[in-house]
Every structure is written in structure tokens, then in C-alpha cells.
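Overview (structure and organization)
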Amino acid sequence: MVKVEIRNLNVWFKTNHVLRNINLKVKENSVTAIMGPSGCGKSTLLRAINRMNEIIEGCRTEGEVLIDNQNIYDKNTNVYELRRRVGMVFQKPNPLPKSIFENVAYGVKIHRMTSGSKIADIVKRSLEEAALWDEVKDRLNDSALTLSGGQQQRLCIARALAVNPEIILLDEPCSALDPIATAKIEMLIRKLSEKYTVIIVTHNVQQAARVSDYAAFLYLGELIEYGPTRQIFENPRNELTEKYITGGFG
């Protein structure tokens, strides 16, 4: 089942035409990797799926992004609710200067989803889903800033999970992490796809091959190739794709 469909998507930042006529379909409960060299529009494409580009001055978007067949760029879209349904985790871990518990509970309280003891249950579930509970269950009142970089990134994932999203966007979530922390995040991404639709931007071709079910290759703002990861890596249809995944450029 298709969860996200992008139709003729174009994005400009002032006069810079960053994305050009992007069309792709993302299947539910899958991991889709968006890869390509720096500056090709990967993060812009990711942010188009929860309208985060709109916070950048001079941004203009044309085309459609449909989630469950509803165009999120319709004027009646509740952007606040959209960003609850489509959670985002950024390149650099960005925990709030609060306790571990309060970081995860933050979105639940802001969205007024529940209160009291139920919040504690949500925090526990979210930390478990983010594979962090066993490491922090005895220090929930400690500052989130005392966690390692890898733990902070999993905490940010738990914070996104706490508000019951349907889609999780990950913008190069391992780029600031060491190999051990990266391996934990990659295992987590595979696990999360059992319940959520996951879309990850990565500059690491090997990571895309390891974690994704589908892969998209962007170059100079255009979607060059998109398909099952195995096909993209073993039998790419486009010469540019083959050059990129074999290290010919990037």
C-alpha cells in the first residue's frame, strides 16, 4: 500500500530551483533511502513531506505530496497536526535542555494527548521502541545532555515516536555518530519499519544498501532513479546511478 505519493514536486528557494518535477511513491511500513551527492536536494525533498521547507524564507513549492491520498499542500491542511503525523529527526542530535523523561514527554504535553500516569507509560513505550529504555530507565530525571551522542539521537527518535506518528523522516541521522552508535541506529531503523513508514536521507551509500527496502537517487535536483534497493544496487538502469553507487563521484 502506498503511504506517500509525490507528484510533480518543484521547490524553489528564491530563484534557486532546488527540486525539479519529482515523482515517487513510498510504500507503507518500508524504509526508503534518499541518496545523492551534497547539494542535490535530498534534505529539501525530505522536508517537503512535512512542509518544513516553509519555515525557510523565500521558499516556494509547486506540485503535490499525498499522504493516504490527501494532498498535504491543500490550503485546509492543519500543518500542526501534519507534523505530529510525520515526525522528523535531524542530522545532529538536538535534545532539549531538560530531563530524559521531559524530552520524551514534551510533544505529548504540547499536543495535549493525555496527562498524568499515562504520560509515563508513553515515555516508557517510546524509549523501548527507540532501544534506549534499558540504558536510561534508572536515570530518567538526569539531563538529556549527559547522554552520549548516539543515545541523544535515539532519545530524539523516542521523542518523535511519543506522539504516535505514522511516518518518520530521518535526515542523515548517523552522520555525527561513531560506528558503534551508527550500527545501533541502523538496527533501530529496520525495527521501526515494522510499525512505521521510514524515509531516510543518507550520504552513505553502504548505509542505504544496508537499511532500506527502496532507494531514490537524486542528482542536481532531479530524481534519476527509484526502485527496490536490491535492483538499484545490483542492476541500476541509469549510468549516473551506477557511477554514484560505485564511487565514481559524490
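The structure presented is a predicted model; accordingly, all values stated were derived computationally and were not measured.

1. Quick word on the packing of helix α6 (residues 149-161) against helix α7 (residues 179-192)
The contact between α6 and α7 brings their axes to 9 Å, and the two run at 20°. Taken together, the axes of α6 and α7 are roughly parallel relative to one another. Considering how the two elements wind past one another, α6 and α7 form a crossing that is right-handed. Counting all contacts with α6, which are made through Gly150, Gln153, Arg154, Ile157 and Leu161, the residues of α7 involved are Ala181, Lys184, Ile185, Leu188 and Leu192.

2. Overview of the sheet that holds strand β3 (residues 31-35)
Spatial ordering of the open sheet is given by β6-β7-β8-β3-β9-β10, a layout of six strands whose pairing is mixed. The open sheet has two edge strands, β6 (86-89) and β10 (222-228), and neither has a second partner. Strand-to-strand, the axes of this sheet are offset by a mean angle of 15°, without reference to chain direction. Note that β6 and strand β7 (residues 167-171) share four bridges and pair parallel. When the bridges of β7 are listed, Val86 appears paired with Ile167. Along the sheet, α6 makes contact with β6 and β7, crossing β6 at roughly 170°. Here α7 sits on the sheet in contact with β3, β7 and β8 (197-202), set at roughly 150° to β8.

Definitions and limits used
Residues numbered from 1 in each chain as written. Predicted model: local features only at pLDDT ≥ 70, side-chain atom pairs only at ≥ 80, totals over all residues. Heavy atoms only, no water. Axes fitted to C-alpha atoms, helices over the stretch in contact; angles between N-to-C directions. Helix = DSSP H or I, 4+ residues; strand = E, 2+ residues; numbered from the N terminus. Parallel < 35°, antiparallel > 145°, perpendicular 65-115°, else oblique. Left-handed = near helix turned anticlockwise from the far one by under 90°. Contact = heavy atoms within 4.5 Å. Pairing = 2+ DSSP bridges.

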